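Breakdown of the fold
The residues making up each chain are set out below.
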2 protein chains.
Amino acid sequence: MATVVQKFGGTSVADAAKITRAAGRVKKARDEGYSVVTVVSAMGKSTDTLVDLARELSDNPDKRELDMLMSTGEQVTISLMVMALKELGIDAVSLTGWQAGIRTEAVHQNARITDIETDVIESHLKEGRVVIVAGFQGMTPEGEITTLGRGGSDTTAVALAAALKAESCSIFTDVTGVYTSDPRVVKEARQLSSISYDEMLELANLGAGVLHPRAVEFAKNYQVPLVVKSSMVEKEGTIVEEEASMEQNLMVRGLAFESAVTKVTVEGMPNENDTLSNLFSALAESGINVDIIIQQVTENGRINVAFSIHTQALKDTLAAVESRREELQYTNVRHFDRLAKVSIVGSGMISNPGVAADMFRVLSRQDVRVQMVSTSEIKVSAVVEEEKMVRAVEALHTFFELDQRVELNV
Amino acid sequence: MATVVQKFGGTSVADAAKITRAAGRVKKARDEGYSVVTVVSAMGKSTDTLVDLARELSDNPDKRELDMLMSTGEQVTISLMVMALKELGIDAVSLTGWQAGIRTEAVHQNARITDIETDVIESHLKEGRVVIVAGFQGMTPEGEITTLGRGGSDTTAVALAAALKAESCSIFTDVTGVYTSDPRVVKEARQLSSISYDEMLELANLGAGVLHPRAVEFAKNYQVPLVVKSSMVEKEGTIVEEEASMEQNLMVRGLAFESAVTKVTVEGMPNENDTLSNLFSALAESGINVDIIIQQVTENGRINVAFSIHTQALKDTLAAVESRREELQYTNVRHFDRLAKVSIVGSGMISNPGVAADMFRVLSRQDVRVQMVSTSEIKVSAVVEEEKMVRAVEALHTFFELDQRVELNV
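Definitions and limits used
- The residue numbers shown here count from 1 along each chain, following its written sequence.
- All chains are assigned letters beginning with A, and all ligands numbers beginning with 1, in the order in which they are written.
- Where local features are concerned, this predicted model is filtered to residues with pLDDT of at least 70; where side-chain atom pairs are given and counted, the filter is 80 or more; whole-chain, interface and lining totals use all residues.
- As a rule here, side-chain values cover all heavy atoms of the structure and leave hydrogens and water aside.
- UniProt positions are given in the numbering used here, feature names are shortened, and annotations may be inferred rather than shown by experiment.
- Per the convention used, a helix needs a DSSP run of H or I reaching at least four residues, while a strand needs a run of E reaching at least two, with both numbered from the N terminus.
- Between the two quantities, the radius of gyration covers C-alpha atoms and the globule rule is 2.2 Å times the number of residues to the power 0.38.
- The rule is simple: take the accessible area with a 1.4 Å probe, protein chains only, and divide by the maximum for that residue type; under 20% is buried, over 50% is exposed, in between is partly exposed.
- The contact definition used throughout considers only heavy atoms, calling two residues in contact when any of these lie within 4.5 Å.
- Accessible surface is estimated by sampling points in the Shrake-Rupley manner with a 1.4 Å probe; for residues, cover comes only from the protein chains shown.
- The sign given to each residue is positive for Lys and Arg and negative for Asp and Glu; His and the chain ends receive no count.
- In this description, the location of a charge corresponds to atom NZ of lysine, CZ of arginine, CG of aspartate or CD of glutamate.
- The buried area of a pairing is the accessible area, by a 1.4 Å probe, that goes missing from both parts when the two are put together, added over both.
- Salt bridges, as used here, are contacts in which a Lys or Arg side-chain nitrogen is within 4 Å of a carboxyl oxygen on Asp or Glu.
- Under this definition, polar contacts are N or O atom pairs within 3.5 Å; protein pairs additionally need one hydrogen-donor-capable and one acceptor-capable atom, and for neighbouring residues in sequence, both atoms have to be side-chain atoms.
- Charged means Asp, Glu, Lys or Arg here, nonpolar means Ala, Val, Leu, Ile, Met, Phe, Trp, Tyr, Cys or Pro, and polar covers whatever is left, Gly included.
- Note on geometry: axes are lines fitted to C-alpha atoms, helical ones only across the stretch in contact, with angles between N-to-C directions running from 0 to 180 degrees.
- Definitions for this section: a left-handed crossing has its near helix turned counterclockwise from the far helix by less than a right angle. A right-handed crossing has that turn clockwise.
- Annotation comment: domain bounds sourced from an automatic or database domain assignment.
- What we call a nonpolar core is a set of buried Ala, Val, Leu, Ile, Met, Phe, Trp, Tyr and Cys residues that are connected through their side-chain atoms within 4.5 Å.
- Two joining distances apply to patches: 9 Å for like charges and 5 Å for nonpolar side chains (Val, Leu, Ile, Met, Phe, Trp, Tyr), and every residue must have over 30% relative accessible area and no salt bridge.
- Copies overlap after least-squares fitting; the atoms used are the C-alpha atoms of residues with pLDDT of at least 70 in both.
- A pair of Phe, Tyr and Trp rings is counted when the ring centres sit within 6.5 Å of each other, with Trp represented by its six-membered ring. The angle between the planes then sorts it: under 30 degrees is stacked, over 60 is edge-to-face, the rest tilted.
- Sitting over a ring, as applied to charges here, requires NZ of Lys or CZ of Arg to be within 6 Å of the ring centre and within 35 degrees of the ring normal.
- Multiplying 1.5 Å by the residue count of a helix minus one yields the expected span of that helix.
- Taken from the helix axis, the directions to the C-beta atoms give the arc we talk about.
- By definition in this entry, angles of less than 35 degrees are roughly parallel, angles greater than 145 are roughly antiparallel, angles of 65 to 115 are roughly perpendicular, and the rest are oblique.
- Paired strands are those between which DSSP finds at least two bridges.

As named in an unreviewed UniProt entry, chain A is Aspartokinase, taken from Alteribacter lacisalsi. What UniProt states about chain A under its Function (unreviewed entry) heading is, verbatim, "Catalyzes the phosphorylation of the beta-carboxyl group of aspartic acid with ATP to yield 4-phospho-L-aspartate, which is involved in the branched biosynthetic pathway leading to the biosynthesis of amino acids threonine, isoleucine and methionine." On record in UniProt, under Catalytic activity (unreviewed entry), the comment for chain A is "L-aspartate + ATP = 4-phospho-L-aspartate + ADP".

1. So, the overall build of chain A
The number of helices and strands found in chain A is 12 helices and 18 strands. At 23 Å, chain A has a C-alpha radius of gyration in line with the 22 Å of a compact globule built from 410 residues. For chain A, the C-alpha atoms occupy an extent of roughly 75 × 55 × 35 Å along the three principal directions. The buried share of chain A, taken over its 410 residues, is 56%. When contacts within chain A are restricted to residue pairs at least 6 apart in sequence, those whose partners lie at least 24 apart make up 75%. About 17,800 Å² of surface is accessible on chain A, with carbon and sulfur atoms providing 46% of the total. Measuring between centres, the 41 positive side-chain charges of chain A sit 4 Å from its 58 negative side-chain charges.

2. Some words on the interface of chain B and chain A
Listed per partner, the contact involves 40 residues of chain B and 40 residues of chain A. In this assembly, chain B packs against chain A so that about 3,100 Å² is buried in total across both faces, 68% of it on carbon and sulfur atoms. Broken down residue by residue, the surface that chain B buries against chain A is led by L57(B), E65(B) and M83(B), which jointly contribute 22%. At the junction of chain B with chain A, the criterion picks out 2 salt bridges. In this structure, the salt-bridge partner of D62(A) is K86(B), at a minimum N-O distance of 3.0 Å. Across the chain B-chain A interface, the total number found is 14 residue pairs in polar contact (both at pLDDT 80 or more). For the side of chain B that touches chain A, the element with the most residues is helix 3 (residues 63-87) of chain B, which contributes 17 residues. In terms of residue class, the side of chain B that touches chain A is built from 22 nonpolar, 10 polar and 8 charged.

3. Some words on the packing of helix 1 (residues 16-31) of chain B against helix 3 of chain B
Residue and element names in this part refer to chain B. The interhelical angle for the contact between helix 1 and helix 3, taken along N-to-C directions, is 65°, at an axis separation of 9 Å. In the packing of helix 1 onto helix 3, the handedness of the crossing is right-handed. In this structure, helix 1 contributes I19, T20, A22, A23, V26 and K27 to the contact, and helix 3 contributes L80, M81, A84 and L85. When the residues that make up the contact of helix 1 with helix 3 are grouped by side-chain class, the tally is 8 nonpolar, 1 polar and 1 charged.

4. Some words on the domain arrangement of chain A
Parsing chain A into structural domains produces domain 1 (3-174) and domain 2 (255-399). Here the C-alpha centre of domain 2 of chain A lies 37 Å away from the C-alpha centre of domain 1 of chain A.

5. Comments concerning the nonpolar core
The tendency in soluble globular proteins is for nonpolar side chains to be buried side by side. Counting 78 residues, the largest nonpolar core has L80(A), M81(A), L85(A), L80(B), M81(B) and L85(B) as its most contacted members. Apart from the residues within four sequence positions on either side, L85(A) is in contact with A23(A), V26(A), K27(A), I90(A), A92(A), V130(A) and I132(A).

6. Side note on a negative patch on the surface
Among the surface-exposed residues, D15(A), D48(B), D52(B) and E56(B) lie close enough to one another that they form a single negatively charged patch. As for its position among the elements, D48(B) is in helix 2 (residues 46-57).

7. A few points about the environment of D367(A)
Residue and element names in this part refer to chain A. Inspection of the secondary structure puts D367 in the loop between helix 11 (355-365) and strand 17 (372-376). Looking at D367, the relative accessible area reads 54%, which means it is exposed. On a C-alpha basis, the gap between D367 and L276 in space is 33 Å, while along the polypeptide they are 91 residues apart. Excluding its chain neighbours within four sequence positions, the residues that come into contact with D367 are K388 and R391.

8. Comments concerning the relation of the copies chain B and chain A
Of the transformation superimposing chain B on chain A, the axial component is 0.0 Å and the angular component is 180°, with the fit at an RMSD of 0.1 Å. As the rotation angle and translation indicate, the two copies are arranged about a two-fold axis. Considering only C-alpha atoms, the residue of chain B closest to the rotation axis is T72(B), which sits at 2.7 Å. A shared interface surface links the copies, since 100% of the contact residues of chain B are contact residues in chain A too.

9. A closer look at the packing of aromatic side chains
In total, this model carries 9 aromatic pairs over all chains according to the counting rule given. One cation-aromatic arrangement involves K263(A) over F336(A); the distance from NZ or CZ to the ring centre is 5.2 Å.

10. Notes on helix 1 of chain B
All names here are of chain B. The end-to-end C-alpha distance of helix 1, which contains 16 residues, comes to 22 Å, matching closely the 22 Å that a straight helix rising 1.5 Å per residue would cover. Those residues of helix 1 that fall on the buried side of the exposure criterion are A16, I19, A22, A23, R25, V26 and A29. All buried residues of helix 1 fall inside an arc of 165° around its axis, so they share one side. Opposite the packed face of helix 1, turned more than 90 degrees from it, sit the exposed residues A17 and D31. The N-cap of helix 1, judged by a side-chain oxygen 3.1 Å from the amide nitrogen of A17 a few residues on, is D15. One or two steps after helix 1, the chain reaches G33, where phi turns positive at roughly 100°.

11. Examining the packing of helix 8 (residues 275-285) of chain B against helix 9 (residues 314-323) of chain B
Residue and element names in this part refer to chain B. Where helix 8 contacts helix 9, the axes come no closer than 9 Å and their chain directions differ by 135°. What the angle tells us is that helix 8 and helix 9 run oblique. Between helix 8 and helix 9 the crossing geometry is right-handed. Residues L279, A282 and L283 of helix 8 lie in contact with helix 9, whose contacting residues are T317, A320 and V321. Within the contact of helix 8 with helix 9, the residues separate by chemical class into 5 nonpolar, 1 polar and no charged.

12. With respect to the sheet that holds strand 3 (residues 92-95) of chain B
All names here are of chain B. Taken in spatial order, the 8 strands make up an open sheet running 3-6-2-1-9-11-12-10, and their pairing is mixed. Strand pairing shows two members of the sheet lacking a second neighbour, strand 3 and strand 10 (194-196), which therefore form its edges. Adjacent strand axes in the sheet meet at a mean angle of 20° when their direction is disregarded. For strand 3 and strand 6 (residues 130-134), the ladder comprises 4 bridges, and the chain directions are parallel. Considered in strand 6, the bridge of A92 is made with V130.

Here it is in structure tokens:
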């Protein structure tokens, strides 16, 4: 009997009625003859409520204890999901992360899965039970409870699918699939029937938000076909797999964007070997995520560095740079707010060097000035003025024909 | 370094401020030089909230899944308690029931502790940490999460005190100790400085409510000195130990009472060997708790049986008896509502056969008619009219001089 893994996020199990609806999705897969393993998140905003409780007691709660606290959220959902399934006449059993054999490294709040001992799950499947597993959590070899950090439940589901050699891993969420761009902003955005791991990875990293990049990476490494679909409406989802089978003729597959970007420039540093390393070590030590980096040597032989950050991190960034003033010997630090990043993604780009040029031409025609650029094999990102972001995105969406349904339905 | 075990009930950890106050009590014991193990219950009414959630999904939720669900309540409290302790500068670590090595039989919702593997707790104590343990829960040899049923956290605390050979086990609660009677009803009720296990057991069974009888029995079996004290105010509590040291001259030590008692009579059954057994099997199968039982053979050689139950169980009781009508061959079933049970407890009674007579005389003088009687070595219970309960209790409290402080303070 083939096995499928499913995952329901917090909004899909936010209350009793939604849990019952999700249970109906589980039953459907069971009725189709599959062995089913289902991963669930904590209900709605319940994790936030727990963290708020912790913050009432401590400004900087102990990470081990936060894991102890937060892992209860998923444990609540697994038991309720089994109750809902039993009401539908489906035999099921709930397992916490540690009961399900999910072993992690000994890091709290952001542990990685090292290994899954599938014996317990497999013996329940053999006896015909649906197995409901708490997402986002695991156990260290020493018996400590850990959580996996952001996107943890997606990662649990993909890791289980890999360990159980499942036919597929369905991620049920509050959207119907992966879109060419954010449909809340781009009216013409349409749902993709399939997309490759690498393209999904770029889109996930660019903040498309449907799937966590860690989970996509895991799926790519273990070649687990992912299906993103709605837990609310019955509709075909988007398949994430090695080759985006029917849409290869599309050069650009998706378009991501984010606002609240700030560019910081550190100017006039000496041109020495360790200048860049010193600067970015200082930022890393303060926990600042730097995105695009541009280095430039000036006419008088000094170095200027520009980098982009999330606007929220500006204060910490300036403090970190200021604290290394003596070491870095810069003359000037400046910052430019109200920027945005617009990115096009598609594996078809690899063999089409003109895509970046196309992108810049479209932006120029729209009077959008590009402030920074970054590229990968299958992505081009441009930092632009925030107020022109939507205009830029819509123009790019039309130019690259993302609104045209060229794909064949399989 | 001597070890003490403490336990804080739900009302003592109902919110962040109360958890911080309880943490202060833990710190105090630590500052006095003890190794401290603290057992906590779920916050306030949080277990009820979880059970309500389950009932939204199922009228009869699976017991294994209820254990999975309910055990999260204590897990939340342990992590918050550690955070509160760390804010006070105390090194501490939280352990779930399974992490603390609490092994139970494989029964859900009402498991008994079979064994405690203390290695993990002891290694944390050795490193100078306070250990916070989730009450009410354990794990079966197969790795299933169980809960211990009513009074479970008290039992966890006493069992840990026994396993760790602790000097004492303090039960912090919302009253300041064990009283001669319920101070909300009996104005003259006063707090006892000490009481014996057997007396406490009778009082606990009679619904005094401060300590669960299972926990008292456990403490008696392992000779763990219990201290009942307030988590809110600084005051000496009541010590429960083998010999109630300084109050032995008191014949009656406490007075318990409960309302909503119903007497049921089943009349005219044949006088056969298995009549009683058939009747009470029928009641047991319906899960009805029977308290006092009186059997009487009538002049024509038939049997009348009277028994008392909680009024809430009346409907089920009548249905159970009715369902066995053919087998039991009774002529009549009657019931008498609005009764109450009044009990006096004291190990001094053992050598004082006149105590029951005294009790009946006091009741008679107050025009209180006794409808049923039950006795043990250290207890006499009388079922009386509910409306005369308080009058009876007050008269007995005065007669047996429970308002007189004859005890010496040690």
